[in-house]
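Coordinates in review
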Amino acid sequence: MLNARPSFTIALLASLLLISVACRTGPKAEQIFTNGHAITMNGSAPKAEAFAIGHGKIVAVGSRQELRARYTGAAEIDLKGKTVMPGIIESHGHLLNLGRSSLELNLVGVATPAEVAQKVRERVAETAPDEWIIGWGWDEGAWASSYPTNEELNRIAPRNPVWLKGLHGFAGWANARALETAGITKDTPDPERGKIIKHTQTGIPTGILTDQAQQLLAKHVPPLNQEQSEKALLLAQEECLRHGLTTVHDARVTRTVLDALHALAAKKLLKLRVYAMLDGADGELVASHFRSGPEIDPEHWLTVRSIKVFADGALGSRGAALLEPYSDAPGTRGLETTSKEALFDLTTRALYAGFQVVTHAIGDRGNRNTLDAYEAALKKVPAARDPRLRIEHAQVVAPGDIPRFAQLKIIASMQPPHCTSDMPWAEARIGPERIKGAYAWRRFLEAGVRLALNSDFPGETLDPFYGMYAAETRQTPEGKPEGGWYPEQRLTRQEVLRAYTVASAYAGFDEEIKGQIAPGKLADFIVLSDDIATIPSRSLLTLRVEQAYVGGKLMFESKR
Ligand SMILES: [Zn+2]
């Protein structure tokens, strides 16, 4: 220091002075939100009237007076007494599928087959020859007594395969070009659970395929390319923001979707933060990421550090792997879509590479296999720091296995809307004993398990307040059954709010930056139409998001 040149010394002193000024005043604020009713989800200060934002982060929380005095140059935004809470973190959804349905020809509410044909005709005019035209939403229930045939569609679209899916997923309607592409002819036999409806005289398929027969065609529909994927993701993003979601964990992204997400991030078009789980079925995609390591965006728009795999199927279709046979189908115990050994192998490699593993497991055998595989992998890689392995759905779990989630520090990621959708038939599948460990949210919490709640959209609505209602009531929106289905598993408002914010942030390694309105957190928050802390469960069904802020920017505002 003695030999330092004077100019250098002055520069050093000046910068030390600047640092000390910055330390005294803290980070700068550009905006102060005042006169609000902020539910902060921060245990030490659960409510607040005002908070200040700078550089996309919350820099201070307190009273208006205090913040006004501290940040004299900041703009003030009057929240007019509205309730504000941290943005919802949707810890399991499917963005592409959500956006894809918006790209499809919408046939909801269309009254007659002639009207459908008119809509298809308009779409043909703007579609290249040979390109598929996909529609969705004609009412296969209402039209079931006399299903339409495809002659009109064949005339309108001789060169484009046309596939129009029914509103409820029980039937689809294809033109001749689509049937031809899929190789479905008058000689194609019906699959086990489904029907290819044929003209009684000629035996030629009419174009209507029911139940499993739809798969014969659906598997030939080409996946979206990158450009189409970008379009679909942007549509999905708007839909998410509208429902108050500010982060989405996308529970399986293919290489194309990942490329599309990267492109959107590079173009600064992401308004929603995305935690992308890589498709574990794509060995090349997984291996290349294991080589390059986790991708943690310093701006927090797109994070890639987890792999999604499937241990079994679904309960409704009896694909969930059970320890004992299905109660209503004694010949089957469901199926393991990934073996325990393969799960162990993938998890071990992931732990070495610093990745999280996220496994879909619905049945008690699927869950036990996953727990066994995780336990063995954690033992094999003791150096794995903070692995946060997850099980998605954890829908039917043997009671003795629930505490293992806590022992192994495995996150249970569960979907309240699945419970209320499945409750009419779930007990028939597994009987009165096993049902006690099904959708057993309270049992998980009482065992000390970290519980993240989410929707698994678009299979269920992405509205998080509907999910909260389902978690609190275990009833349909109409209030059935009286008192709730296995009501001892219901959750309280505080538990539910935590599961959709703080706990879901933790599931994505984001608890330091998300899930609360607190200094140092990202300024991701939503303004609501009512006080979510005190309204009765029923009122969650009509609660609306008025504004959604991500990184301090207004990304959605309702027009009402
Ligand atoms: Zn899913």
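Residues numbered from 1 in each chain as written. Predicted model: local features only at pLDDT ≥ 70, side-chain atom pairs only at ≥ 80, totals over all residues. Heavy atoms only, no water.

Turning our eyes to something else, we now look at the overall build of the chain. A tally of helices and strands in the chain yields 20 helices and 25 strands. In terms of overall size, the chain behaves like a compact globule, its C-alpha atoms giving a radius of gyration of 26 Å where 560 residues would be expected to give roughly 24 Å. In terms of overall dimensions, the chain has a C-alpha envelope of 100 × 55 × 55 Å along the principal axes. Residue burial in the chain is summarised as follows: out of 560 residues, 54% are buried. Restricting to contacts in the chain with at least 6 residues of sequence separation, those with at least 24 account for 72%. For the chain, the accessible surface area stands at approximately 24900 Å², while carbon and sulfur atoms represent 54% of it. (Helix = DSSP H or I, 4+ residues; strand = E, 2+ residues; numbered from the N terminus. Rg over C-alpha atoms; globule rule 2.2 N^0.38 Å. Buried < 20%, exposed > 50% of the residue type's maximum accessible area, 1.4 Å probe, protein only. Contact = heavy atoms within 4.5 Å. Areas by Shrake-Rupley, 256 points an atom, 1.4 Å probe, with all protein chains shown as cover.)

Right, let's get into the coordination of the zinc ion. Tetrahedral coordination by four donors puts the ideal angle at the metal at 109.5 degrees, and octahedral coordination by six puts it at 90 or 180 degrees. In the first shell of the zinc ion, the protein supplies His92 (NE2), His94 (NE2) and Asp456 (OD), at 2.1 to 2.2 Å from the metal. Read N to C, the donor residues that coordinate the zinc ion are spaced as H-x1-H-x361-D. Residue His94 is located in the loop between β8 (88-93) and α3 (95-103), and its partner Asp456 is located in the loop between β22 (451-453) and α17 (464-473); the two are separated by 362 residues in the primary sequence. Among the residues examined, His94 registers a relative accessible area of 16% and is labelled buried. (Donors = N, O, S within 2.8 Å, 3.2 Å for Na, K, Ca; no water.)

Attention now goes to helix α12 (residues 364-380). The end-to-end C-alpha distance of α12, which contains 17 residues, comes to 24 Å, matching closely the 24 Å that a straight helix rising 1.5 Å per residue would cover. Looking at the packing, one finds that the buried side of α12 touches α11 (340-353), β19 (356-361), β20 (390-393), α13 (402-407) and α15 (426-434). (Expected span 1.5 Å × (residues − 1).)

Moving on to the confidence of the model for the chain. Taken over all residues, the pLDDT of the chain has a mean of 94, while the share at 70 or more is 95%. Within the model, the stretch residues 16-24 combines pLDDT values under 50 with 0 contacts to residues more than four positions away or in other chains. (pLDDT = per-residue confidence, 0-100.)

The next subject is the pattern of salt bridges. Tallying each qualifying case throughout the model produces 31 salt bridges. The partner of Lys436 in a salt bridge is Glu433, and the shortest N-O contact between them spans 2.8 Å. Assessed through its relative accessible area of 55%, Glu433 is described here as exposed. One salt-bridge network, in which partners are shared between bridges, spans Lys340, Arg368, Asp372, Glu375, Asp401 and Arg404. (Salt bridge = Lys/Arg side-chain N within 4 Å of Asp/Glu carboxyl O.)

Among the secondary structure elements, His262 is positioned in helix α9 (residues 255-266). Separated by 40 residues in the primary sequence, His262 and Leu302 have C-alpha atoms spaced 7.7 Å apart. Once residues lying within four places of it in the same chain are set aside, the contact partners of His262 are Glu295 and Leu302.

On to the sheet that holds strand β7 (residues 83-86), then. Here we have 6 strands laid out as an open sheet, ordered β3-β2-β7-β23-β24-β25, and mixed in their pairing. Each end of this open sheet is capped by a strand with a single partner; those strands are β3 (47-48) and β25 (553-557). Across 4 bridges, the pairing between β7 and strand β23 (residues 525-528) is antiparallel. For Met85, the partnering residue across the bridge sits in β23 and is Ile526. (Pairing = 2+ DSSP bridges.)

Once that is clear, we can look at the packing of aromatic side chains. By convention here, two paired aromatic rings are described through the distance between centres and the angle between planes. Scanning the model with the defined rule gives 14 aromatic pairs in all. For the pair Phe33 and Phe51, a centre-to-centre distance of 5.3 Å together with 10° between the ring planes defines the contact as stacked. Remark: Phe51 occurs in strand β4 (residues 50-54) and Phe33 occurs in strand β1 (residues 31-34); sequence separation between them is 18 residues. The class for Phe51 is buried, based on a relative accessible area of 0%. Between Phe51 and Phe525, the aromatic rings sit 5.0 Å apart at their centres with planes inclined by 80°, giving edge-to-face as the arrangement. With a gap of 474 residues between them, Phe51 in strand β4 and Phe525 in strand β23 connect regions that are remote in the sequence. Phe525 matches Phe51 in its accessibility class, with the two residues each being buried. An aromatic cluster is present here, built from Phe33, Phe51, Phe525 and Tyr549 joined pairwise through their rings. The residue whose ring lies beneath Arg273 is Trp301, and the NZ or CZ to ring-centre distance is 4.5 Å. (Phe/Tyr/Trp six-rings, centres within 6.5 Å; stacked < 30°, edge-to-face > 60°. Lys NZ or Arg CZ within 6 Å of the ring centre and 35° of its normal.)

So, about the pairing of β1. Examined bridge by bridge, β1 and strand β6 (residues 75-78) share 4 bridges and lie parallel to one another. Bridging from a neighbouring strand, Phe33 pairs with Ile77 of β6.

Residue position: Val304 is located in strand β18 (residues 302-310). Under the relative-accessibility criterion, Val304 is labelled buried at 0%. Sequence separation of Val304 and Phe525 is 221 residues, and the distance between their C-alpha atoms is 23 Å. Once residues within four sequence positions are removed from consideration, Val304 is found in contact with Leu258, Ala276, Leu278, His289, Pro294, Glu295 and Phe355.

Membership of the largest hydrophobic core comes to 104 residues, with the highest contact counts inside it found for Phe405 and Ile532. Phe405 has contacts with Asn367, Leu371, Ile391, Ala394, Val397, Ile410, Ala412, Phe444 and Val449, leaving out every residue within four places of it along the chain. Formed by 18 residues, the second largest nonpolar core is a distinct cluster that contains Leu105, Trp143, Ile156 and Leu164. (Core = buried A, V, L, I, M, F, W, Y, C linked by side-chain atoms within 4.5 Å.)

Turning our eyes to something else, we now look at the sheet that holds strand β13 (residues 194-198). Taken together, 6 strands build an open sheet; the order of strands is β9-β10-β11-β12-β14-β13 and the sheet is mixed. Where the open sheet ends on each side, the last strands, each with one partner, are β9 (105-106) and β13. With 4 bridges connecting them, β13 and strand β14 (residues 205-211) associate as antiparallel partners. What sits directly across from Lys198, in β14, is Pro205.

What follows concerns the packing of α11 against α12. One can describe the packing of α11 onto α12 by two numbers: an axis separation of 8 Å at closest approach and a directional angle of 40°. Classified by the angle their axes make, α11 and α12 are oblique. Crossing geometry of α11 relative to α12 is assigned as right-handed. Contact residues: α11 offers Lys340, Leu343, Phe344, Thr347, Thr348, Leu351 and Tyr352, while α12 offers Asn369, Thr370, Asp372, Ala373, Tyr374, Ala376, Ala377, Leu378 and Lys380. Taken together, the residues of the contact of α11 with α12 sort by class into 9 nonpolar, 4 polar and 3 charged. (Axes fitted to C-alpha atoms, helices over the stretch in contact; angles between N-to-C directions. Parallel < 35°, antiparallel > 145°, perpendicular 65-115°, else oblique. Left-handed = near helix turned anticlockwise from the far one by under 90°. Nonpolar A, V, L, I, M, F, W, Y, C, P; charged D, E, K, R; others polar.)

Residue Pro458 follows Phe457 across a cis peptide bond; omega there is 0°. Mapped onto the secondary structure, Pro458 falls in the loop between β22 and α17. Pro481 follows Lys480 through a cis peptide bond whose omega is -10°. Within the secondary structure layout, Pro481 lies in the loop between α17 and α18 (493-500). Although it is not a glycine, His300 sits at a positive phi angle of roughly 65°. Mapped onto the secondary structure, His300 falls in the loop between β17 (295-296) and β18. One non-glycine residue, Arg318, lies in positive phi territory at about 60°. Within the fold, Arg318 resides in the loop between β18 and α11.

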